[in-house]
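Now for the letters of each chain:
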Amino acid sequence: DDDTTEKAASWMSGKWGIAWRNRTGDIRGETTNFDVNKLVKEIQGIPGVGYVLFGLSGGAKGDKYIAPHSVLSKINPGSCPERDLFDDLATAFQAAGYKVLCYMATEGPAQLHHGNNSPKGKQFIENWKSYVLEKYGSNDEATLKKAYAEVIVAEYAERYKTKIDGWWFDHASFGNIPMLHDICKKANPNTILAFSKGKLGQIRNSNPDYEDYTFGHPTPMRRCLASDERNLPMVESIESSLNGFIYANGKPSLGHMFMPMQERWNSGKYVVWSEEQALDWMGRVLNAGGAWTWNVPMFDRESRLHGLSVDFASRLGSKLLEQQNGGRDEL
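Residues numbered from 1 in each chain as written. Predicted model: local features only at pLDDT ≥ 70, side-chain atom pairs only at ≥ 80, totals over all residues. Heavy atoms only, no water.

K.L.:
Help me understand helix α6 (residues 177-187) in this model?
P.N.:
Helical geometry note: an α-helix holds 3.6 residues per turn, so side chains three or four residues apart project in the same direction. For α6, the set of buried residues is Ile177, Leu180, His181, Ile183, Cys184, Lys185 and Ala187. Contacts made by the buried residues of α6 are with α5 (141-160), β4 (166-170) and β5 (192-195). You can read the cap of α6 off the contacts: a side-chain oxygen lies 3.1 Å from the backbone nitrogen of Met179, and it is on Asn176. (Buried < 20%, exposed > 50% of the residue type's maximum accessible area, 1.4 Å probe, protein only. Helix = DSSP H or I, 4+ residues; strand = E, 2+ residues; numbered from the N terminus. Contact = heavy atoms within 4.5 Å. Polar contact = N/O pair within 3.5 Å; in protein donor to acceptor, adjacent residues only side chain to side chain.)

Printed below as a string of structure tokens:
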């Protein structure tokens, strides 16, 4: 294709991955003591995983991170650990042959989406707003979005460069998407970007000048489980795509689904999918050239993912490989 060079997410086509969020800061030394190699080995035990997606920020909340930051570590003590756990994880997973995608809560330290009602949380927001006012001469919403991109994201993007193969920005309407795009691409021209801004439970190229793959968020969990038939149109959109790519304004975005495996995004007691349904939906997406990410709960203190999720993913991975090999076991 003439536009292959534009398809930065081609490597992701037909691949699936595992996602999680680590606890931010360093509560009870969980970040300091996190055993990266143990987690890498656990993922290596799941057949067929091509990439991992994990949080540099916390899940949905943009006030805390899993790596130090030159500004936040000083103005909001406890918001960032001393250990750069993101660097340790990214380095180890890339060395083991996985691509690394970085999850970010776009609301940033101003917490433009969720706010924060705790006394400490409110103080953290005020500390950040004061810093932004001093640096930029203003701290209105547009300036806070600019500061998130230029102060928070740019420092991390420049630090990690090619250690971040892609970014997934949550609640991206609370950020400056063109600025985030330019900053991330400048640090690593080959990185791929997804912005969670658009209709949920649908696969569309919602940000055609800025996204490389679709954000793939299902219908909100408060309405239905990820396995609900209401999300089937996502699969069907990728099946009707052009080799996995969804076009808007002539720009390609790889069809990608980001699905919780359990009853909540980052917690839960059970897997809400039958093996049959998961294999069917996943297989259809991958065969069409799309990508599929399972989000699973993390147990930080034990440096491991939820056991039921790991077992389920392992069974799916084995069966998908069998199907790809025409039903024959690998030699």
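There is more to say, and it comes next.
K.L.:
Help me out: how do you make sense of the pattern of salt bridges in this one?
P.N.:
Think of it this way: side chains of opposite charge can pair up when their charged atoms draw near. Here the structure, examined in full by the defined rule, presents 18 salt bridges. For Glu141, the salt bridge identified is with Lys145, shortest N-O distance 3.5 Å. With Glu141 and Lys145 both in helix α5 and four residues apart, this pair spans about one turn of that helix. Between Asp228 and Arg230 there is a salt bridge whose closest N-O contact spans 3.2 Å. (Salt bridge = Lys/Arg side-chain N within 4 Å of Asp/Glu carboxyl O.)

K.L.:
For this particular structure, what's the right way to read the packing of aromatic side chains?
P.N.:
Aromatic ring pairs are described here by two measures, namely the spacing of the ring centres and the angle between the planes. Applying the stated criterion across every chain, the model contains 20 aromatic pairs. Note on Trp128 and Tyr131: the rings are 5.6 Å apart at their centroids and 20 degrees apart in plane angle, and the pair reads as stacked. In this pair, Trp128 and Tyr131 are both assigned in helix α4 (residues 119-136), three residues apart and thus about one turn of the helix distant. Classification of Tyr131 by relative accessible area gives partly exposed; the value is 23%. Relative to Phe169, the ring of Trp167 lies with its centre 5.6 Å away and its plane at 5 degrees, an arrangement referred to as stacked. Neither residue differs from the other here; Trp167 and Phe169 are each classed as buried. A network of ring pairs unites the aromatic residues Trp20, Phe54, Tyr65, Phe86, Phe93, Tyr98, Tyr156 and Tyr160 as a single cluster. Lying across the ring of Tyr103, Arg21 places its NZ or CZ 4.3 Å from the centre. In this structure, Arg304 is placed above the aromatic ring of Phe299, and the distance from its NZ or CZ to the ring centre is 4.7 Å. (Phe/Tyr/Trp six-rings, centres within 6.5 Å; stacked < 30°, edge-to-face > 60°. Lys NZ or Arg CZ within 6 Å of the ring centre and 35° of its normal.)

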